Amino acid sequence: MNPTLSMVINQKVRAAVGLCQKLDKTRQMDLIAAMGAEAATERQILNRVGDTRYTRELLRKLISMNIVERTGKGGLHDPFLYKLSPFLGAFDLSYVQDPILERRMKRIEGKILDLLSDNDRMVARSERCIRTVVGDNTGTGKALRRLVKSSKVKRVGKGGAGSPFMYRLGGAPPPPPS
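Residues numbered from 1 in each chain as written. Predicted model: local features only at pLDDT ≥ 70, side-chain atom pairs only at ≥ 80, totals over all residues. Heavy atoms only, no water.

*Asks:* Just checking my understanding: could you explain the sheet that holds strand β2 (residues 68–71) for this structure?
*Replies:* Each strand in a sheet pairs with its neighbour through backbone hydrogen bonds, running either in the same direction (parallel) or in the opposite one (antiparallel). One open sheet holds the three strands; their spatial order is β1-β3-β2, and the pairing between them is antiparallel. The open sheet has two edge strands, β1 (40–41) and β2, and neither has a second partner. Both β2 and strand β3 (residues 81–84) contribute to a ladder of four bridges, which runs antiparallel. The residue bridging R70 from the neighbouring strand is Y82, located in β3. Strand contacts of helix α4 (residues 55–64): β2 and β3, with the helix running at about 100 degrees to β2, the strand carrying the most contacts. (Pairing = 2+ DSSP bridges. Helix = DSSP H or I, 4+ residues; strand = E, 2+ residues; numbered from the N terminus. Contact = heavy atoms within 4.5 Å. Axes fitted to C-alpha atoms, helices over the stretch in contact; angles between N-to-C directions.)

*Asks:* Whenever I open this one, the packing of helix α5 (residues 99–118) against helix α7 (residues 138–149) confuses me. Can you help?
*Replies:* In a pair of packed helices, the angle between the axes and the distance between the axes together describe the arrangement. It is the contact of α5 with α7, at a shortest axis distance of 9 Å, that shows an interaxial angle of 75 degrees. Considering the angle they form, α5 stands roughly perpendicular to α7. Taken together, the residues of α7 that come into contact with α5 (itself represented by E102, R104, M105, K106, I108, E109, I112 and L113) are T138, G139, T140, K142, A143, L144, R146 and L147. Looking at the contact of α5 with α7 residue by residue, the class counts come to seven nonpolar, three polar and six charged. (Parallel < 35°, antiparallel > 145°, perpendicular 65-115°, else oblique. Nonpolar A, V, L, I, M, F, W, Y, C, P; charged D, E, K, R; others polar.)

*Asks:* Where do I start with the packing of helix α6 (residues 127–134) against α7 in this structure?
*Replies:* In the contact formed by α6 and α7, the axes pass within 10 Å of each other and the chain directions differ by 125 degrees. As the angle between them shows, α6 and α7 are arranged oblique. Relative to α7, the crossing made by α6 is right-handed. Contacts between α6 and α7 involve E127, I130, R131 and V134 from the first element and T140, G141 and L144 from the second. Tallied by class, the residues present in the contact of α6 with α7 amount to three nonpolar, two polar and two charged. (Left-handed = near helix turned anticlockwise from the far one by under 90°.)

*Asks:* Help me out: how do you make sense of the pattern of salt bridges in this one?
*Replies:* Opposite charge on two side chains allows them to pair when their charged atoms are near. Counted under the stated rule, the structure contains five salt bridges. Put simply, E42 and R60 hold a salt bridge, and the shortest N to O gap is 3.3 Å. Of this pair, E42 sits in helix α3 (residues 42–49) while R60 is found in helix α4, placing the two residues 18 residues apart along the sequence. In this structure E42 comes out as buried when scored by relative accessible area, which is 14%. Three or more residues are tied together by salt bridges with common partners; here these are E42, R56 and R60. (Salt bridge = Lys/Arg side-chain N within 4 Å of Asp/Glu carboxyl O. Buried < 20%, exposed > 50% of the residue type's maximum accessible area, 1.4 Å probe, protein only.)

Take a look at the structure:
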């Protein structure tokens, strides 16, 4: 392989890995690293990272985000080949986010904020209570962490059975000691 071409491909791999780090997607990084510099079939990629429940779904997500492209017709004689998008290095991808996931997270965050604002600002709610009302799924936990990180919601407690995390609106004063 031409050394210049190899450098360009390695830069694209690093750019894709950097993008996934910004999106905090370790499984996506594993998929990109498994593709390497050459085009790879789905079976080769799955053998490298493991054929887990979400691997194929994540591969499709990378395609929809234009990080990976798929060529071929599929099937025995012309299998799908996956490779990094040739346009990957041409754009600033630091702001690329999955729009569907982002919309879902905003909706869940809105429900949490509504729940916490419905009630007296001094009262904190447990994560269990929030999950019961909003829905018990992975998005609820992620939304809570995002709200805490953005200071819209305050989290108190140590977490665990003895002292569960309690959440209240960020602007609320701390409850008086009892």
